[in-house]
Structure formats: structure tokens, C-alpha cells
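Structural features, examined
The lines below spell out each chain.
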Amino acid sequence: MQTLTYLFPADRPAAQPAHVGVVASGDLEILVEPLAPGAVAGGRAEVRVRTSVDGFDTIWHAVLARFFTRSGLLGRWELNDSGATPGVVLLRLAQAAAVATRTEHEA
Amino acid sequence: MNETSAPDALDWQHVLRRRGFLELDARSRAQALLDPGTMRVLCGPFDRLESPWLAPQGIVPQADDGVVIARGTVDGRPAVIASIEQRFLGGAIGEVSGAKISEALRMAAADSRAGTPTAAVLLLETGGVRLQEANLGLAAVAEICSALLELRPLAPVIGVVAGEVGSFGGVSIAAGLCTRLLVTREARIGLNGPAVIEQEGGVAEFDSSDRTLIWAVDGGEQRHATGLADALVPDDADLLRTAVRDAVAVGPLVKGSHRSERLDVLRTRLASLDPARPPAPHQLRAWWGAAYEPVQAPTRPRAESAQGPASRGRAWLTALTAGVRPWAPIPSVLRAQRDGAVYLAVVPDPDNPFHRARRGEVGLTECLALAEQIRAVVAEDAGETDKRALVAVVDLPSQAYGLIEEMSGLHQAIAACVDAYQAARTAGHPVVALVVGTALSGGFLAHGLQAAQILALDEPGVEIHAMHKPAAARITQRTVAQLDELAQTITPLSYDVRDWAKLGLCDGLLAVENADEPTAKDTAIVGAAIAEAIVRARTGPRDLSRRLDSPGALATRGASRAVRERLARQWIHEQAS
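Worth saying up front: this structure is predicted, and the values here are computed from it rather than measured.

Of regular secondary structure, chain A possesses 2 helices and 5 strands. When the elements of chain A are put in sequence order from the N terminus, they spell out β-β-β-β-α-β-α. In terms of overall size, chain A behaves like a compact globule, its C-alpha atoms giving a radius of gyration of 13 Å where 107 residues would be expected to give roughly 13 Å. Dimensions of chain A, computed from C-alpha atoms along their principal axes, come out at roughly 35 × 30 × 20 Å. Classification of the 107 residues of chain A by burial places 38% in the buried group. Summarising the internal contacts of chain A: among those between residues at least 6 apart in sequence, 85% fall at separations of at least 24.

When you go through chain B residue by residue, the secondary structure sums to 22 helices and 15 strands. Computed over the C-alpha atoms, the radius of gyration of chain B is 22 Å, within 12% of the 25 Å expected from 2.2 N^0.38 for a compact globule of 577 residues. Seen through its C-alpha atoms, chain B measures out along the principal axes to roughly 75 × 55 × 55 Å. In chain B, which comprises 577 residues, the proportion classed as buried is 58%.

All names here are of chain B. Ala120, Val432 and Leu434 are the most contacted members of the largest nonpolar core, which has 216 residues in total. Examining the composition of this core, we find that 13 residues originate from one element, helix 4 (residues 134–151), more than from any other. Residues from two domains meet in this core; each of domain 1 (12–271) and domain 2 (298–543) gives at least three. If near-sequence neighbours (up to four positions away) are discounted, alanine 120 is found in contact with Ala79, Val80, Ala82, Ala104, Leu105, Ala108, Leu151 and Val157.

Let us look at the sheet that holds strand 1 (residues 40–42) of chain B. If you walk across this open sheet you meet the 7 strands as 1-2-3-4-5-6-7 (chain B), and the pairing is mixed. Sheet topology places strand 1 and strand 7 (231–232) of chain B at the edges, where each strand pairs with a single neighbour.

Counting residues at the interface gives 15 residues for chain A and 13 residues for chain B. Of the residues contributing to the side of chain A that touches chain B, the split by class is 6 nonpolar, 5 polar and 4 charged.

Residues and elements named next belong to chain A. Interaxial distance between helix 1 (residues 57–71) and helix 2 (residues 86–100) falls to 11 Å at its minimum, and their mutual angle equals 30°. Once helix 1 is placed against helix 2, the crossing between them reads as right-handed. When helix 1 is examined against helix 2, the residues Ile59, Val63, Phe67 and Ser71 are found in contact with a partner set consisting of Pro86, Val89, Leu90, Leu93 and Ala97. Considering only residue class, the contact of helix 1 with helix 2 consists of 8 nonpolar, 1 polar and no charged.

With that settled, consider helix 7 (residues 211–218) of chain B. Taken together, the buried positions of helix 7 of chain B are occupied by Ile214, Val217 and Asp218 of chain B. The buried residues of helix 7 of chain B occupy an angular sector of 75° when the element is viewed end-on, so they sit on one face.

Residue and element names in this part refer to chain B. Of all 5 residues in strand 5 (residues 157–161), 5 are buried; the element is thus mostly enclosed. Summarising the sheet, strand 4 (residues 119–123) and strand 5 pair through 4 bridges and their orientation is parallel. Note that in strand 5 the partner of valine 121 across the bridge is isoleucine 158. On the question of chirality, the crossover connecting strand 4 to the parallel strand 5 by way of helix 4 is right-handed. The pairing of strand 5 with strand 6 (residues 180–183) spans 4 bridges and is parallel. When the sheet's bridge partners are listed, valine 161 is paired in strand 6 with valine 183. Crossover connection from strand 5 via helix 5 (residues 171–177) to parallel strand 6: handedness right-handed.

So, on to the packing of helix 10 (residues 263–271) of chain B against helix 13 (residues 364–380) of chain B. Residues and elements named next belong to chain B. At a minimum axis separation of 10 Å, helix 10 and helix 13 run at an interaxial angle of 145°. For the pair helix 10 and helix 13, the sense of crossing is left-handed. Between helix 10 and helix 13, the contacting residues are Leu263, Leu266, Arg267 and Leu270 on the first element and Leu364, Thr365, Leu368, Ala371, Glu372 and Arg375 on the second. The class makeup of the residues in the contact of helix 10 with helix 13 is 6 nonpolar, 1 polar and 3 charged.

Our next topic: the sheet that holds strand 1 (residues 2–9) of chain A. Each strand in a sheet pairs with another by means of backbone hydrogen bonds, the pair being arranged parallel or else antiparallel. All names here are of chain A. Read across the open sheet, the 5 strands follow the order 1-4-5-3-2; overall the sheet is mixed. Two strands bound the open sheet, and with one partner strand each, they are strand 1 and strand 2 (18–21). Neighbour-to-neighbour, the strand axes of the sheet open up by a mean angle of 10°, direction not taken into account. Sheet topology note: the strand 2/strand 3 (residues 27–33) ladder contains 4 bridges and is antiparallel. Bridge pairing links alanine 18 to valine 32 in strand 3. Contacting strand 1 and strand 4 (44–51), helix 1 runs over the sheet at an angle of about 30° to strand 1.

The next subject is the environment of histidine 465 of chain B. All names here are of chain B. Structurally, the position occupied by histidine 465 is in strand 14 (residues 463–465). Taking the C-alpha atoms as reference, histidine 465 lies 12 Å from arginine 498; in sequence the two are 33 residues apart. For histidine 465, the residues in contact, after removing those within four places along its chain, are Ala134, Asn135, Leu440 and Tyr495.

Low pLDDT means the predicted atomic positions in that stretch should not be read closely. The predicted model of chain B averages 95 in pLDDT, with 97% of residues at 70 or higher. Model confidence for the complex is summarised by a pTM of 0.96, with the ipTM given as 0.94.

This part is about the pairing of strand 2 (residues 67–74) of chain B. Residues and elements named next belong to chain B. Of all 8 residues in strand 2, 7 are buried, a share of seventy percent or more. Judged from the 8 bridges that link them, strand 2 and strand 3 (residues 77–84) form a sheet pairing that is antiparallel. Each bridged residue has a counterpart across the sheet, and for threonine 73 the counterpart in strand 3 is proline 78. The antiparallel pairing of strand 2 with strand 3 creates a hairpin that spans 2 residues between the two strands, and aspartate 75 there sits at a positive phi of about 55°.

All names here are of chain B. Within the fold, valine 68 resides in strand 2. Residue classification places valine 68 among the buried positions, given that 26 C-beta atoms sit within 10 Å. A sequence separation of 246 residues divides valine 68 from arginine 314, and the C-alpha atoms of the two residues are 44 Å apart. Excluding its chain neighbours within four sequence positions, the residues that come into contact with valine 68 are Ala26, Arg27, Ala30, Val41, Ser83 and Glu85.

The subject of this paragraph is the domain arrangement of chain B. It is common to give the size of an interface as the accessible area that goes away when the parts come together. All names here are of chain B. According to the domain assignment, chain B consists of domain 1 (12–271) and domain 2 (298–543). Taken together, the contact pairs 47 residues of domain 1 with 47 residues of domain 2. Elements supplying a minimum of two residues to the side of domain 1 that touches domain 2: helix 4, helix 5, helix 6 (194–201), helix 7 and helix 10. Top element by residues in the side of domain 1 that touches domain 2 is helix 4. It accounts for 12 residues. Of the residues assigned to the side of domain 1 that touches domain 2, the class counts are 26 nonpolar, 13 polar and 8 charged.

A few words now on the environment of glutamate 150 of chain B. Residues and elements named next belong to chain B. Counting through the fold element by element, glutamate 150 comes out in helix 4. Distance from glutamate 150 to proline 294, taken between C-alpha atoms, is 27 Å for residues 144 residues apart in sequence. Not counting chain neighbours up to four residues away, the residues in contact with glutamate 150 comprise Arg106, Ala109 and Asp543.

Conventions and cut-offs
- Residues numbered from 1 in each chain as written.
- Chains lettered and ligands numbered in written order.
- Predicted model: local features only at pLDDT ≥ 70, side-chain atom pairs only at ≥ 80, totals over all residues.
- Helix = DSSP H or I, 4+ residues; strand = E, 2+ residues; numbered from the N terminus.
- Rg over C-alpha atoms; globule rule 2.2 N^0.38 Å.
- Buried ≥ 20, exposed ≤ 12 C-beta atoms within 10 Å, placed from the backbone.
- Contact = placed C-beta atoms within 7 Å.
- Core = buried A, V, L, I, M, F, W, Y, C linked by C-beta atoms within 7 Å.
- Domains from an automatic or database assignment.
- Pairing = 2+ DSSP bridges.
- Nonpolar A, V, L, I, M, F, W, Y, C, P; charged D, E, K, R; others polar.
- Axes fitted to C-alpha atoms, helices over the stretch in contact; angles between N-to-C directions.
- Left-handed = near helix turned anticlockwise from the far one by under 90°.
- Arc of directions from axis to C-beta.
- Right-handed = clockwise from strand over helix to strand, strands pointing away.
- pLDDT = per-residue confidence, 0-100.

This is the structure:
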């Protein structure tokens, strides 16, 4: 198991906490929590990844950088990974972002 | 309620509208069974009550430890659902996930006692005890069983095994204790999984590559057809919700009518078996039928010899009841009474007709004999204020790993034994376990872990664990050396009884001179410790709650205590999490 931490520039606040996925072979669990209100301006998304597969730091950075460049979603992100492929990781990230930014109207 | 109306196979409109239940994750399964809009998750992922034992072993934890606890209503009736996420570590029960289930059951029992009957629905998909948390997982399963039995007279506890993992290991004992058990055709229920039996007993005992055999033995259809499950429901969320609503609406069953209390049925069912000529699974259906009622069985001559090979269980039972002749209801179960305490031990019987239970394993007939003896003591003392103590002398290699055991439902037999011990404890009998040798896995769950007080000899031959070392190493994909090294820092993994004593389950670690042949001094020391334990059990709580308040638990079971505290707080606050 390897633990990786990252900070990514982000400006869009998460509206609510989101939890998606399961720590199951080829899948991962993602928790997103909004940051404290003061942290929004010029903020950064805090990301912690715990992965069962060691040695993929570069790929994790690339996948996460691509996601946060597009979404810019602020928050505290925790990823508990059990060997998900980059495609699965991106899908779960998008799913978590959708839940975290969902408004009452959409729900 | 033996058959939930299945949709007509030709009703394509229904088939097309059907919402599958199996494909749902743990949370969605809970949601599908509760009334819409009523679900409130307790101790959810953002409470971050994850397992403290996994990350130090290099295993990624899950934020809710793989169990969803959800309060809500079922057809307007208050209910709590415990839903196991089968994809996380195969649904295996660890310290936190186990504590979540047992504390939810205890809260439901407290509400029920206070005038709001609160049903529990257990969605069981699990391989059993999580071997990475071995002894704490085993303890958690014992506590789940005890809490389930505390709730069961007050409000129904509905077990649901939908698939695909099925219910295996110690958790299946809980399935055998439920008020009602619902299964689908995709469910499997067993104590020992096929691969474990093959590993322990060889391919001739159980060929785990034989899918047909596995489903014929463990499959939901077979369990229903042999009376070990109450309803066979199609994989359809709406039909399952209807079945759960019906089961909850019936309410608690009359005392004595639960499957795990029907020793009359277990007795005749076991008597109908000739272990030398075991029936094929389909024959068993014909013999036993779907109703859990006594069957026709030939009277077999019963050997009642109390003689047998030397074992620690025999040696200690004999020493502690010196002057009294032990009696053997069956050759592998010894009973002796002295000074107002009834001692029970499971001992080797080389002539045991059940060949997988010859080395002192807890098998089908051992469970029945123990349960019958305990129930007899409880019945005889019903009117007494000073009830006799029960002392379980524990020296057992494990439960019996065998084909006939699984086919006949060893999980149900162990449930009968667990039910009897818990009933004795709640009736006011001081129940004490004395571990003098090995105490492994399902055997210890049946005989020992329901005790109010647990004593163990401080001696290298005493080994308490969820599985013996080579098997645990294989299953967790480690070498025995790696396992030993991890056990240095991960206390619940250790096979050393001194480490086990730190988990908060041990009420006395007793140094002796000779554990195989106790000396007079040994017998005096242990006898005095038992007498003290009996006094403590008599005055202490009748449930297992004090295990979490012991000095050992304060140090090592912080996670269980956090679950208890958080769940109790969130249980009453409507806005929590």
C-alpha cells in the first residue's frame, strides 16, 4: 500500500459531501468533502490517495492533474484504491464531482 | 410464509420491469428494502470509522469498513438494516464492521424494550471472519450472535442472503439464529466454504472445483428445500421488499419455536443420517423436507462410554471434578458436575461415526449434545434463584470440516449450541469458559465464546485463533514467517495467548506447571480461578457488553468503543450524519 498526497489548483466549491465506489478489486472509493468557507478563494483541492499498487505515482499525478484542470473542484478528496485502471479512476472522479455539485433541483 | 409468490415465468412484462437486487451495492440494497425516503445511514463513510488494523498490514481500508447501517421503516414499522458490502474484502467481518452490526442490534433491542419494537434486517454476504483481524473478528461474530438473540424475542430479526458471495463462516451462525431467513436461488449458505474443506480434508472430502456439488449443498434452493431457510425469493428488489415486509409484519416468534431452539428437529434429523452412507443432496430434500419438523429416524444404539484417548479437555475436566465420574452423552462430549458447576468438554473420539470430527472437532452431534445438556440444566434450574454454573472446558482443533457437515447445515447446529449458551447466560447461569488447549474458529464460537467470563492457561500449547496458522497464511497470501512477523505488531493476528489476553476478552491468564496432566497445585489454582469467575459472572451483566469495558478493550478495542459511542449518539439524533 502506498499513500500519495497532492494539492491541485481549484476554484469551484463542492456543494455537499459525496461518497462513491467501493474498495474492491479494480475499483476505488472516493470521498469528497467541501473545504471550510474561508479556503475557497484561490484555494487548492487537497487529495490523498491510498492505493494497493505501489509505484504508479506518475500515473496518479497525470490522471488527477487532468481531472482537476477540467473540474477545478475544491474540497478534501480521499481516494481508497484497489488497483483501479486510470479509466475507472476518471469515471469515479467524475461521478464524485457530479454528486458533490448536484443541486436540490437535480436531486 | 414458505413461498413468496414468484412471477409467472412467462410474464415478460414483469420480467422486463424487474429491478435486480443482486447487482446492487450494500447501500442500494438497504435502500431497496426500506420505505422510500426513510433511510438514514448511521456511522457512514464520513464518520471515518475505518479498520485500524488494515493499513498497518498494507491493505487499503474502506471508510465505512464495508457495512452500511441504515435506520428507516419497513411498511411503516421501525427497522434497522445492516448491509454487508460483499465487494470489500469479500464482505469479511472485522472489528469495526462487526461492532457496527452488534451495536445496531443492541440499540434496536433497547428501543424495543422501551416500547418501540424495532426490527432488524441483516443482509449477509460474507466469507466470514476477516482473517486480517482474526481474533477480533471472531469476538465480533460472538457479540453479533449474542446481540441478535437479545433482540429476537422483542422484534423480528430477518436474515437475507441474496448472493453472490453468500454467507459463510461464523456469520452463518447468525443466519441460523434469525427469526426468518430469506434466500434467493443465487444465495449460498454454509459454515465452511468448499475451498476450505478441500484444503483441510482433501479433494476426496469436497471437490471445490465441482460447481454442481457446491450449489447442490450450499445453494439457496437446497437450503430452502431442506428447511434451513424460510422463503425462496427471486432476484427482484420488489419481491424481496415484499418478502421482508411480510416477515417483519409477522413479528417475533414464540419462544422455543426458532430453528436454533428446535433440538427435537436437530436430533431426529441427525439420527436419520448414516455417516457411512451419506445421502446425496437431493435425497436429503426428500428425507427432511422443507418444513423444519422432526423426521422419521431409526433408533441407533448410542455408545455412552466416557472412556477415550487422553486429551487436555478430558484431563482438565476430570481433574477439576475429581471424585465425580464424568458422563458422556456421546463419546465426544463429557459432562461432570461438582460444587454446583456443570463442566462440559468436547474430546476426541476415534470411533466417531462422523469421520471429520474424530480429533475433538465440534461437529453436528457435538453441537446437539452440548445444546441438549445446557438446555437440560437451564430447565432443571428454572425455578431456582441460585442457578448452577456452566463451565466450558475448551480444547478443540476447530469445527468439523466435512461434506456431510455442510450438507446437513453445521451452521444451524452451531447456532443451536450458541443459542443454548446465550439462553443459559441470560437466564442467570454463570457461564465460564476455560481454554486449556487450542480454541479455533467456529469450534470456539460454539463452545466458549458465549461465556460471560473467559479464562485461559498461560502456556504455549494454548492457541486461540480464527484459523490455524498454515491455512490463515495461505488464505491471506502470506508465508507463515510473514504472518508471525505481522503478529508482533498486529495483536489480533497473534497466535500467542498472551497477546490474545490483551484484546479485552480474557478474564484471567493462569500459569500452570503441567497443562497436559495438571498437578494438584495446578488444579487448585485453576479451580480457585473458576470459582472467582463464577462469582463475577453471577454479579456481572448478563450480556457481553462488559467485554468492551475491560482494561484490555480500553487499550486495544478503541475502534469498537468508538462505534458503540457514535452509533448510540446517531441512533437518537434525527439529523445526524
